[in-house]
Every structure is written in C-alpha cells, then in structure tokens.
Amino acid sequence: MKWLCSLSLVAGLIATTLSPVHADTTQPVHPMVKPQSTQARDAFVTDLLSKMTLDEKIGQMRLISVGPDNPKEAIREMIKQGQVGAIFNTVTRQDIRKMQDQAMQLSRLKIPLFFAYDVVHGQRTVFPISLGLASSWDRNAVTTVGRISAYEASEDGLNMTWAPMVDITRDPRWGRTSEGFGEDTYLTSEMGRLMVEAMQGNNPADRNSVMTSVKHFAAYGAVEGGRDYNSVDMSPQRLFQDYMPPYKAALDAGSGGVMVSLNSINGTPATSNSWLLKDVLRDEWNFKGITISDHGAIKELIKHGVASDPEDAVRVAVKSGIDMSMSDEYYSKYLPGLVKSGRVSEKEVDDAARHVLNVKYDMGLFTNAYSHLGPVGSDPVDTNAESRLHRPEARSVARESMVLLKNRLDTLPLKKSGTIALIGPLADSKRDVMGSWSAAGVVDQSITVLQGLRNAVGDKAQIIYAKGANVSNDPGITDFLNLYEKAVNVDTRSPQAMIDEAVATAKISDVIVAVVGEAQGMAHEASTRSDITIPQSQRDLIAALKQTGKPLVLVLMNGRPLALEKEDQQADAILESWFSGTEGGNAIADVLFGDYNPSGKLPMSFPRSVGQIPIYYSHLNTGRPYNPEKPEKYTSHYYDAANGPLYPFGYGLSYTTFSVSDVKMSSPVMKRDGSLTASVTVKNTGKRDGATVVQLYLQDKTASMSRPVKELKGFEKITLKSGEQKTISFKIDADQLKFWNASMKYVSEPGTFNVFIGLDSQRVNQGEFELL
C-alpha cells in the first residue's frame, strides 16, 4: 500500500490502536457481490438504471444539505421517496444511520446514499490549514494528514470529502487563500496528488478511506481583485500551464469527484461551461467520476446572466455536464418538465445518474451501505471523546508547517527561564488557532499559545499574559466576523487601557511574545480583504511594545500572506504559524523554545504592500526587466517602493545554517528522449541539527513564447546533523521542459535551459544544459 510505505507513524494505527470493524449482516444491503471491475460496475449500473423511474434518476442527482431549510425529518421523507442521492453537513453516525435506514429499508429500489463533508485539514483532529501544510514541503506530513483525516471521517460515517482544494492563487486578498496550497503549480500539484492518494488509499471502498472531490474546477483562485465568486479572464496558455495541472494531478491520482467552481472563465460560468466539463474533463482527461455544483451555483446562473429563470438554469447546468446539484431545490422541480418537453433528453439525465451510481459503486455502498458506520451499537458513546483525536501527529505536522521569517541576533529560541510576556488578541484564542473549515473539530479541545507556553516551561519560567488589543477596533469588521457564530470576543475596555496593561506586562518581562494577525474568519470563504496589513488595533499594540526596548518576537496567525514591511523592521524575530490546528499552541511552543528546529518554507510570496499584488516568483521577464543591482528608470518596477517581495517563495530560516555547493550537471546536453541529473552538496554549517528544503527551478532561456524567469520542478526535504553534508540529485527529462505554445500544443523546444538549485526561489546556484 503506497501510503503506508511513507507513513511510519500511521502504519500501525488501525492494526494496533483500533478494534476491527466488521460488516453488519443484520442491516439490509443491496443484492450485489463485492465490486470486481469496471465492467462489472457498468453492467450493474446499467441494469439498475433500467429499473429506475425518471423521478428516481433525478433523485440521485440531488445533494441535500442538512440545515434550517432542510430539517432532518423532512429529508428522511424525501429519502424514502427516492428523491435524494447524497447528504452533506451531517457528521454523527446516529444521524447518518437513520438516513441510510430510510434508503435501505423504505425506498423502492434501496439505493444507498453517500455522505459528504468539508474535511479539508482534518475531521476531528484539526491539522494546520492547507497553506500551512504546504509550508512543510514534506510529502510524509501531507500523507499523514490525508490518512488520519480519512480515518476520522470514515469513523464518523462519511464517504466523501470536499477536498483537496488545489486552486492556484497569486492574490492574497482572496479569503480562500487559506484553503489552498499557494501560488505554485508544481507544489500544489504534489500536495493535491498526495492528499488524494492518502485519503482514498488503495480503494475508496476500504473501511477507513473516503473518496475525494477535488475543487474548485477551475481557476477559482484567479478571481479578479481577489474578490470571492468573481470573474476570471486569462489566455488558454496561462490557464493550462499554470492553473489546470493541479486538478489534473488530483484526477490522475484517482479522485472520484470534482466540485465545480463558482466563477466564470472567459465569460462563461464554470457551472454552465460544457467546454470545461465535457470537452476538457470528460473527453480530453477521460474523467469517469462525478461532477458536483458548488453550493447554490445553479440558481446563480440567473444572476450570471446565462439563464433566464430557474428552469432555464437547470437546463443549462445539466446540458453542460453538472451531475449533482449541491443544496438542490431546482432539479426535482424542473427536470421532469424539461425532459417531458424535450429540452433535456432522458439520456442526459441517465448519464448524470450513471455517474452518481458509479461513484456509489466505487465507494462500496452497493456491497455494504453501512460499511463506514459499523454494526448497530458500535457508535461512539461520546462523539467528541478525547480518545478519538490524534494529537501527537497533529503536533508533529504543525511544527513542520511553521516558517521562521526573521531571527535577528538569534533572538530565538527562547530560554525556559525568567519572565516571558505573552501578549496579543490571538494568544489565548481556541477558535482562531483552528483556522477556517475546521470540520468537526471542537473548539475546547484546541491548545492556545498561552496553554502551550505554560505546558512547555512548567515551573522553570513565568508566563504573564495580557490581551493588549482586540483583533480589530472596527465594529463593522467584528460584526462581520460574528455574523453566523460568536467567533470573536470583544474586550469592552478602551484600546488605550488594553495597551497600557500590555506595556506594563512587557516592562516586567525579559522578552515579549506577541501573537498577532487575523481572526480565522478573516481568512475564509467570502472574506476578501482590500488591505492585507495587520489590523490597526494590533499595529498600535506592536508599536507600543517596541517602545519598551524589550526583545520582541511576533508569532503570526493568518490564512494568507500579509504585508509586513513595518513589522519586519520592528520585530527581532517573526514566526509564521498560520492557523496550526488542535495542537497549535504546543507546536508553537516547541518551535519558540527550540525543542523543534523550524524547517518550513513559504508556499507564497509575501508582498511589501497590497500595491504589489499580484506578486509571484514565476513571472515573465518582460523586455525591460528590473535589475535591483543596476536600477534604471525605463524598466518594469515601482518607483515609490522597494521592488520584489518582502519574503520570497520558498523562503524560510532555521536555527542552524546551510551551505549549497555549485550546481554539477551530469551532462552539458540532453537528447529529447533522454535525461540528465543536476546535483548539489548541501552542508549543515551551524551548531544545531536541522532540516531544510532543497529546491530545483528551471528556465527555458529562448523559446517560441516568453517563458517564466524560473519554475519549480522538484524539491527534497532533508535533515542534516551539525557539520553533516549530503549530495542531492534531481533528474531532469523533456517532460519537465514542456509548455503550451501559441498553437496550444504541449511541447518542449530545443535550446538552452538554466538550472537553479537553492534553499528558496531567490538565493540559488546556477547551471545549464542544452536540449538537442
């Protein structure tokens, strides 16, 4: 099993810590032998479709959300009538079992339901947000998160997750930046592929695997202005070169589902885009799974202006290739009439229903509809029991996700002695440390930074705490953050009184640790920001703390790159912790006190200001590139600010230092059907053991189209003892050199290629070779 080979810490999880789960033979199951092949599946589904009424086929196309508009009792009645294909937003076995009972005991054909949820970075154990997970650049860590997430989701009775999210984004204003893996095509493709393989395991029908639904197809992260749900307009070359590969990688890894995005692409909404959903997805990529609309997307086709009314919206969506309608209220109302009138053919309904039934077959639901529920009586006594969490793994992954951005005069690691002032509105927030889309995670089970520091020092040092500021002093922002849940607690004291308390606390300490940044709701769906600086209330606090003259360490919590030019000047050390999950506080303490040597690297460039956006490392050179060493007026740059990012893609410090040798090429030339290797020797030149990420970038110097200044094509995370060195070699072949040319052909062209290897995207050593 591929995922077990790279996952020693989970290898014995099911075998040694969990009781085996057996099929419940007392429950009704569909009269079907164990899945054997695609041919067997197709024959079974064809036979089943021949027995179904039109209404029952349409029922399979409906994905119902449990909530105020659809109470459980009403949903159960719809299930009994064969009007529901799947359910989401239910995460307890008892509720899921009752709904499945309706389908398996009371519906005419006893077609099982599948159950889905947004398991993005953990189910009950919350891991770092996806952007933080990408910062680990660690394939084993990604696999760990995927396997444990799938295990916990399946133990709750779920069959599918709306993940991974692989939207490339180069605009950190976008709130959903936190859900993805950053700006780079190759890194995101790797992260997405690994998540799919880990969550689905050898077979999505396995007891502790779940099927994935990669999202959001397509190019959702490129919305104009970073505004959620907005338009995307780009050339086909950029779309296929930069934005499409991560979806393709996830599908090639076996993802059974695709969630369709809410944006338009070159004027056509994705939900009505038959070119995207049929020509590309089905015909070119040979996808056989299920396409699912995003929440409410079908009715939104009316406001997009491509459908005249609800009935027309259904017609457009079905004919464009939307198999399943999320939070459906339209398919059941309008599809029967559309088929009767001939505006939608029954074959189109059959095709969509077939895709739904196919994934249910692949999930093993026709073999045992209760496979993820276990026998009656096996449900957890306490759904939120502490014993259901995987804390050691969460702590380990969280430590790897953190990026040391600055460490002036070795301010870090801290000593476990003296007095440490812990200050900031996020320092004792259980909700915020979990981040957005924290699935079934329980707030009270998360560890805050205050708890983590106290756990770490015991009685060796004194931790004194002051809140110092609210997340924001703008009541409009706090009202927005508390719109659907009481997520942000507002201290009613005056801002000055809070700062005064914080300063007094700082003055009697040896060092200040200020936990600042964003509330988790500021980095969420529909949480686009026009200003990506730290909120003014916290900036005022930082300025006051700086005036005390004490060493100042900033711990950032945030779900996007922030503009930190002022804070970079003020702080002695800066640790990017993102939203680090259930064990976040303990993991942060591990890094601050040096019990873990940070090794994370940035998956996105950090701009100096919002005016630099979009900023990303793999840009084109232009005919007048800016050279910071020899600045000239008539070049591509800003004249009123420093150019280039504050912190580049791939950047991250350590408590030790590393050197990288010159690049050694195995050959100066490469044949079209051959390969070569590029090698460097990396040495730990510091006094501590540590890990770093060696990064390979390539550049096509002269091509038929302008090509990026460099593109990530490989990376390897290595651990070296103090004084140890290791030679790292990267294989390069023609496939890594291909791009979509002006005729939209995927080609590699002969010529000279630059090879860059280093520890971030800017500080690299260079080699070259010729492709014949």
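What you see is a predicted model; the values in this text were computed from it and never measured. (Residues numbered from 1 in each chain as written. Predicted model: local features only at pLDDT ≥ 70, side-chain atom pairs only at ≥ 80, totals over all residues. Heavy atoms only, no water.)

### Quick notes on the sheet that holds strand S14 (residues 511-517)
And step 1. An order of S11-S16-S15-S14-S12-S13 is seen for the 6 strands of this open sheet, with the pairing classed as mixed. Looking at strand neighbours, the two that pair on one side only are strand S11 (403-407) and strand S13 (462-466), the edges of this open sheet. For this sheet, the mean inter-axis angle between neighbouring strands, taken without regard to orientation, is 20 degrees.
And step 2. Summarising the sheet, strand S12 (residues 419-423) and S13 pair through 5 bridges and their orientation is parallel. Each residue of the ladder has a partner; that of leucine 422, found in S13, is tyrosine 465.
And step 3. Its contacts with the sheet put helix H20 (residues 449-457) on S12, S13, S14 and strand S15 (552-557), and the angle it makes with S13 is roughly 170 degrees. (Pairing = 2+ DSSP bridges. Helix = DSSP H or I, 4+ residues; strand = E, 2+ residues; numbered from the N terminus. Axes fitted to C-alpha atoms, helices over the stretch in contact; angles between N-to-C directions. Contact = heavy atoms within 4.5 Å.)

### Here we look at the pairing of strand S20 (residues 675-684)
And step 1. Of the strand pairs in this sheet, strand S17 (residues 658-660) and S20 are connected by 3 bridges, and their pairing is antiparallel. When the sheet's bridge partners are listed, valine 660 is paired in S20 with valine 682.
And step 2. Taken together, the 9 bridges between S20 and strand S23 (residues 725-733) define a ladder with antiparallel strand orientation. Across the sheet, the residue bridging to threonine 681 is threonine 727, located in S23.

### Comments concerning the sheet that holds strand S19 (residues 669-670)
And step 1. Strand order in the open sheet formed by 5 strands is S19-S27-S26-S21-S22, with mixed pairing between adjacent strands. Each of the sheet's edge strands pairs with one partner strand only, and the pair in question is S19 and strand S22 (711-720).
And step 2. The pairing of S19 with strand S27 (residues 764-771) spans 2 bridges and is parallel. Counterpart to valine 669 in the pairing with S27 is glutamate 770.

### A word on the domain arrangement of the chain
Often, the extent of an interface is quoted as the loss of accessible area on bringing the components together.
And step 1. Domain assignment breaks the chain into domain 1 (37-111 + 284-296 + 320-367), domain 2 (394-612) and domain 3 (658-771).
And step 2. Here the C-alpha centroids of domain 1 and domain 3 sit 47 Å apart. (Domains from an automatic or database assignment.)

### Points about the UniProt feature "domain: Fibronectin type III-like" (unreviewed entry) in the chain
And step 1. Residues given the UniProt feature "domain: Fibronectin type III-like" (unreviewed entry) here are residues 692-761.
And step 2. For residues 692-761, the helix share is 0%, the strand share is 57%, and the end-to-end C-alpha distance is 13 Å. (UniProt positions renumbered as here; feature names shortened; annotations may be inferred.)

### Some remarks on the environment of glycine 146
And step 1. Mapped onto the secondary structure, glycine 146 falls in helix H9 (residues 139-155).
And step 2. Glycine 146 gets classed as buried once you look at its relative accessible area, which sits at 0%.
And step 3. Once the C-alpha coordinates of glycine 146 and valine 120 are considered, the two residues, 26 residues apart in sequence, prove to be 9.1 Å apart.
And step 4. In contact with glycine 146, not counting residues within four places along its chain, are Met195, Ala198 and Met199. (Buried < 20%, exposed > 50% of the residue type's maximum accessible area, 1.4 Å probe, protein only.)

### Side note on the confidence of the model for the chain
And step 1. Looking at the chain, pLDDT values average 94 and 95% of them are 70 or higher.
And step 2. In the model, residues 1-34 has pLDDT below 50 throughout and makes 66 contacts with residues more than four positions away in sequence or in other chains. (pLDDT = per-residue confidence, 0-100.)

### Overview of a nonpolar patch on the surface
And step 1. Residues Phe480, Leu483 and Tyr484 make up a contiguous nonpolar surface patch of roughly 420 Å² in combined accessible area.
And step 2. Residue position: leucine 483 is located in the loop between helix H21 (475-481) and helix H22 (495-507). (Patch = residues over 30% accessible without salt bridge, like charges linked within 9 Å, V, L, I, M, F, W, Y side chains within 5 Å. Areas by Shrake-Rupley, 256 points an atom, 1.4 Å probe, with all protein chains shown as cover. Salt bridge = Lys/Arg side-chain N within 4 Å of Asp/Glu carboxyl O.)

### Some words on the nonpolar core
One recurring pattern in soluble globular proteins is that nonpolar side chains are buried together.
And step 1. Ranked by internal contacts, the top residues of the largest apolar core, which has 99 residues, are Ile87, Phe217, Met244, Tyr331 and Leu335.
And step 2. The contact partners of methionine 244, leaving out residues within four places of it in the chain, are Phe217, Ala218, Leu239, Leu276, Val280 and Trp285.
And step 3. With 77 residues, the next largest nonpolar core counts Met402, Val471, Leu545 and Met604 among its residues. (Core = buried A, V, L, I, M, F, W, Y, C linked by side-chain atoms within 4.5 Å.)

### Comments concerning helix H4 (residues 38-51)
And step 1. Given a rise of 1.5 Å per residue, 14 residues ought to cover 20 Å, and the 20 Å separating the end C-alpha atoms of H4 matches this to within 8%.
And step 2. Where H4 is buried, its residues contact helix H5 (54-60) and helix H17 (346-362). (Expected span 1.5 Å × (residues − 1).)

### Topic: the packing of aromatic side chains
And step 1. Per the stated rule, a full pass over the model turns up 19 aromatic pairs.
And step 2. Seen in terms of ring centroids, tryptophan 137 and phenylalanine 649 are 5.5 Å apart; in terms of plane orientation they differ by 55 degrees. Their pairing is tilted. Here tryptophan 137 is found in the loop between helix H8 (130-135) and H9, whereas its partner phenylalanine 649 is found in the loop between helix H25 (584-592) and S17, with 512 residues between them in sequence.
And step 3. Note on tyrosine 647 and tyrosine 651: the rings are 5.7 Å apart at their centroids and 10 degrees apart in plane angle, and the pair reads as stacked. The same class applies to tyrosine 647 and to tyrosine 651, which are both buried.
And step 4. The lysine or arginine in question, arginine 139, covers the ring of phenylalanine 715, its NZ or CZ lying 4.0 Å from the ring centre.
And step 5. Positioned over the ring face of phenylalanine 756 is lysine 710, at 5.3 Å from the centre of the ring. (Phe/Tyr/Trp six-rings, centres within 6.5 Å; stacked < 30°, edge-to-face > 60°. Lys NZ or Arg CZ within 6 Å of the ring centre and 35° of its normal.)

### Here's the deal with helix H7 (residues 93-106)
And step 1. In this model, H7 (14 residues) spans 19 Å end to end at C-alpha, consistent with the 20 Å of a helix rising 1.5 Å per residue.
And step 2. In terms of residue burial, H7 counts as a mostly covered element, since 10 of its 14 residues are buried.
And step 3. When H7 is considered as a whole, its buried residues turn out to be Arg93, Asp95, Ile96, Arg97, Met99, Gln100, Asp101, Gln102, Ala103 and Met104.

### Here's the deal with the pattern of salt bridges
Side chains that differ in charge, positive against negative, can pair when their charged atoms come close.
And step 1. Inspection of every chain in the model, using the stated rule, returns 50 salt bridges.
And step 2. Taking the shortest distance from any N to any O, the salt bridge between glutamate 583 and arginine 391 comes out at 2.7 Å. With a gap of 192 residues between them, glutamate 583 in the loop between strand S16 (573-576) and H25 and arginine 391 in helix H18 (residues 391-401) connect regions that are remote in the sequence.
And step 3. Using a relative accessible area of 18% as the deciding quantity, one classes arginine 391 as buried.
And step 4. Residue lysine 416 pairs with aspartate 595 through a salt bridge whose shortest N-O separation is 2.9 Å. Separated by 179 residues along the polypeptide, lysine 416 in the loop between S11 and S12 and aspartate 595 in the loop between H25 and S17 bring together distant segments of the chain.
And step 5. Classification of aspartate 595 by relative accessible area gives partly exposed; the value is 45%.
And step 6. One network of salt bridges, in which partners are shared, links Arg93, Arg97, Glu155, Arg207 and Asp379.

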